[in-house]
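In case you want the letters, here they are:
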Amino acid sequence: MPLSHIKVLDLTLARAGPTAVRQFADWGADVVRIEPPTPGSDPAGDDRHAADFQNLHRNKRSITIDLKNDDGHALFMRLASDADVIIENMRSSVKHRLGIDFESVKAVNPQIVYGSLSGFGQDGPDADRPGVDQIAQGMGGLMSITGQPGTGPVRVGIPISDLAAGMYLAMGCFAALIERDRSGQGQWVTTSLIEAQIAMLDFQAARWTMHGDVPQQAGNDHPTLIPMGTFPTADGHVNLAAPNTTRFRTLAEVIDAPGLASDPAYATSSLRSDNRELLNAAISAQTARQSTAHWVQALNEVGIPCGPINTIDSAFAEPQVQHLAMETPVEHPTLGEITIVRNAVSMNRTPHRISSAAPDRGQHTEQILAEAGLDPEAIANLHASGAI
């Protein structure tokens with residue numbers, strides 16, 4: 001597999017950090033999750049049979065180490081000396097107190113790629129405050145542009161800050177590994193929930209940075225491209241996108257409202273934006289006369305992007321989603337066969353693989369320590385000292 005030569009030590013909790021590590025695990029890296037000997041440390045919960053846990057921690061092995069124990073700390077540094085990547089998402093000061101920060105690890109392994117993910121960054125006035133996804137959604141501006149106009153702030157229905165931060169960190173670590181091939185040196189790779197959330201604002205943020213425009217809530221309409229949004233049908237709703245003039249004229253013909261295309265109020269993109277409410281109302285009056293399936297077929301036939309508003313179960317029932325096999329089966333020792341969501345990227349020659357369910361706490365401790373060169377007596381001594 002693409003990353004089968006890479007060893008990763010996983011010190012992450014909650015969601016953002018594990019999302020980063022999952023990218024390595026899915027592409028074949030040897031990922032060792034280092035957990036404290038006692039449960040209850042993960043704010044996201046520690047139910048090993050929960051769908052969330054299985055989805056986050058597949059393709060890993062698990063070892064328990066007490067990093068506050070002197071022998072446990074020494075053991076971690078021994079494992080770190082032979083690792084390629086370490087990923088953690090503690091508060092910025094915690095790793096320094098534990099003596100497992102980048103500089104400490106670099107002293108025993110100059111080639112280490114050390115990934116750190118926090119709520120608000122590794123330094124600065126907010127560096128050591130706690131942060132979770134919804135806090136970043138609010139502070140990062142996302143909740144101010146989500147939802148119907150005038151209804152107050154609305155969170156996005158997924159932990160978008162967590163997921164984006166995890167993906168950005170993984171991408172940064174991949175880049176650092178490629179650079180290491182040239183320089184022979186590792187480096188510290190950092191991001192945070194707030195940085196990822198600001199970056200994910202994308203064109204909405206650029207409207208502010210370039211023009212001083214403060215975006216507002218636009219509901220189901222695209223903030224700047226009209227018409228693009230959700231429209232009623234006879235049995236539900238349909239999403240459609242026809243913002244350029246050519247597609248707008250085609251849309252007007254398909255919905256049997258040719259007068260819209262010739263109306264001077266809608267002649268240009270800026271005029272369609274200025275007259276958004278009137279235009280949307282006119283389109284809605286026509287789309288409400290036929291079913292969602294009717295419009296999906298009719299609009300696709302003329303090349304206008306469109307689609308239904310699915311519930312999660314309906315999304316997985318879509319023929320194209322079925323064809324893409326987004327559900328992947330994996331065998332769990334007590335749950336039997338379970339299905340989880342596969343990685344979204346495919347490679348034709350070295351594909352990703354979900355080869356194992358999420359591990360039990362410390363399931364592979366003895367195996368990993370034996371691979372690290374510890375004999376049975378040394379392992380017994382670590383047990384006796386409470387290090388593992």
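Residues numbered from 1 in each chain as written. Predicted model: local features only at pLDDT ≥ 70, side-chain atom pairs only at ≥ 80, totals over all residues. Heavy atoms only, no water.

The helix and strand tally for the protein stands at 18 helices and 11 strands. For the protein, the spread of C-alpha atoms along the principal axes amounts to about 85 × 50 × 40 Å. By the burial criterion, 44% of the 388 residues in the protein qualify as buried. A sequence separation of at least 24 residues applies to 68% of the contacts in the protein between residues at least 6 apart. Counting only carbon and sulfur atoms, one obtains 55% of the accessible surface of the protein, whose full area is about 19100 Å². Of the side chains in the protein, 28 bear a positive and 44 a negative charge, and the two mean positions are spaced by 3 Å. (Helix = DSSP H or I, 4+ residues; strand = E, 2+ residues; numbered from the N terminus. Buried < 20%, exposed > 50% of the residue type's maximum accessible area, 1.4 Å probe, protein only. Contact = heavy atoms within 4.5 Å. Areas by Shrake-Rupley, 256 points an atom, 1.4 Å probe, with all protein chains shown as cover. Lys, Arg positive; Asp, Glu negative; His and termini not counted. Charge placed at Lys NZ, Arg CZ, Asp CG, Glu CD.)

Let us look at the layout of surface pockets. The space that makes up the second largest pocket amounts to roughly 640 Å³. The set of elements that each furnish at least two residues to the lining of the second largest pocket consists of α1 (16-26), α2 (51-57), α7 (160-183) and β11 (336-341). For the lining of the second largest pocket, the element with the highest residue contribution is α2, accounting for 5 residues. Of the residues that constitute the lining of the second largest pocket, the class distribution is 14 nonpolar, 7 polar and 6 charged. (1 Å grid on protein atoms, 1.4 Å probe; cavity = no way out; pocket = protein on both sides within 12 Å on 5 of 7 lines; lining within 4 Å. Points joined across faces, edges and corners; volume = space filled by probe spheres on them. Nonpolar A, V, L, I, M, F, W, Y, C, P; charged D, E, K, R; others polar.)

Okay, the packing of α1 against α7 next. It is the contact of α1 with α7, at a shortest axis distance of 7 Å, that shows an interaxial angle of 45 degrees. The orientation of α1 relative to α7 falls into the category oblique. In the packing of α1 onto α7, the handedness of the crossing is right-handed. In this structure, α1 uses A16, T19, A20, Q23 and F24 to contact α7, whose residues at the interface are D162, L163, G166, M167, L169, A170, C173, F174 and L177. Tallied by class, the residues present in the contact of α1 with α7 amount to 10 nonpolar, 3 polar and 1 charged. (Axes fitted to C-alpha atoms, helices over the stretch in contact; angles between N-to-C directions. Parallel < 35°, antiparallel > 145°, perpendicular 65-115°, else oblique. Left-handed = near helix turned anticlockwise from the far one by under 90°.)

Here we take up the sheet that holds strand β8 (residues 236-241). One open sheet accounts for 3 strands, arranged β7-β8-β9; its pairing is antiparallel. In this open sheet, the two edge strands, each paired with only one partner strand, are β7 (228-233) and β9 (306-308). The sheet shows a mean angle of 25 degrees between the axes of neighbouring strands, direction not considered. Both β8 and β9 contribute to a ladder of 3 bridges, which runs antiparallel. Note that in β9 the partner of V238 across the bridge is P308. (Pairing = 2+ DSSP bridges.)

What follows covers the sheet that holds strand β1 (residues 7-11). Pairing is parallel in the open sheet, where 6 strands are placed in the order β3-β2-β1-β4-β5-β6. Looking at strand neighbours, the two that pair on one side only are β3 (61-64) and β6 (187-192), the edges of this open sheet. Pairs of neighbouring strands in the sheet enclose a mean axial angle of 20 degrees, with direction left out of account. With 4 bridges connecting them, β1 and strand β4 (residues 85-88) associate as parallel partners. By the bridge assignment for β4, L11 is matched with E88. Docked against the sheet, helix α3 (residues 70-80) engages β1, β2 (30-35), β3 and β4, running at close to 145 degrees with respect to β1.

The next point concerns the packing of aromatic side chains. Two numbers describe a pair of aromatic rings. These are the distance of the centres and the angle of the planes. As enumerated under the stated definition, the model contains 4 aromatic pairs in all. Between F248 and Y266, the aromatic rings sit 6.5 Å apart at their centres with planes inclined by 80 degrees, giving edge-to-face as the arrangement. Of the two residues, F248 is situated in helix α10 (residues 245-254) and Y266 in the loop between α11 (258-262) and α12 (269-274); the sequence distance between them amounts to 18 residues. Y266 matches F248 in its accessibility class, with the two residues each being buried. Each member of the aromatic cluster is reached from another via a ring pair, and the members are F102, Y114 and W188. R129 extends its terminal NZ or CZ atom over the ring of F120, reaching a point 4.7 Å from the ring centre. (Phe/Tyr/Trp six-rings, centres within 6.5 Å; stacked < 30°, edge-to-face > 60°. Lys NZ or Arg CZ within 6 Å of the ring centre and 35° of its normal.)

Remember, this is a structural readout, not a statement about activity or role.
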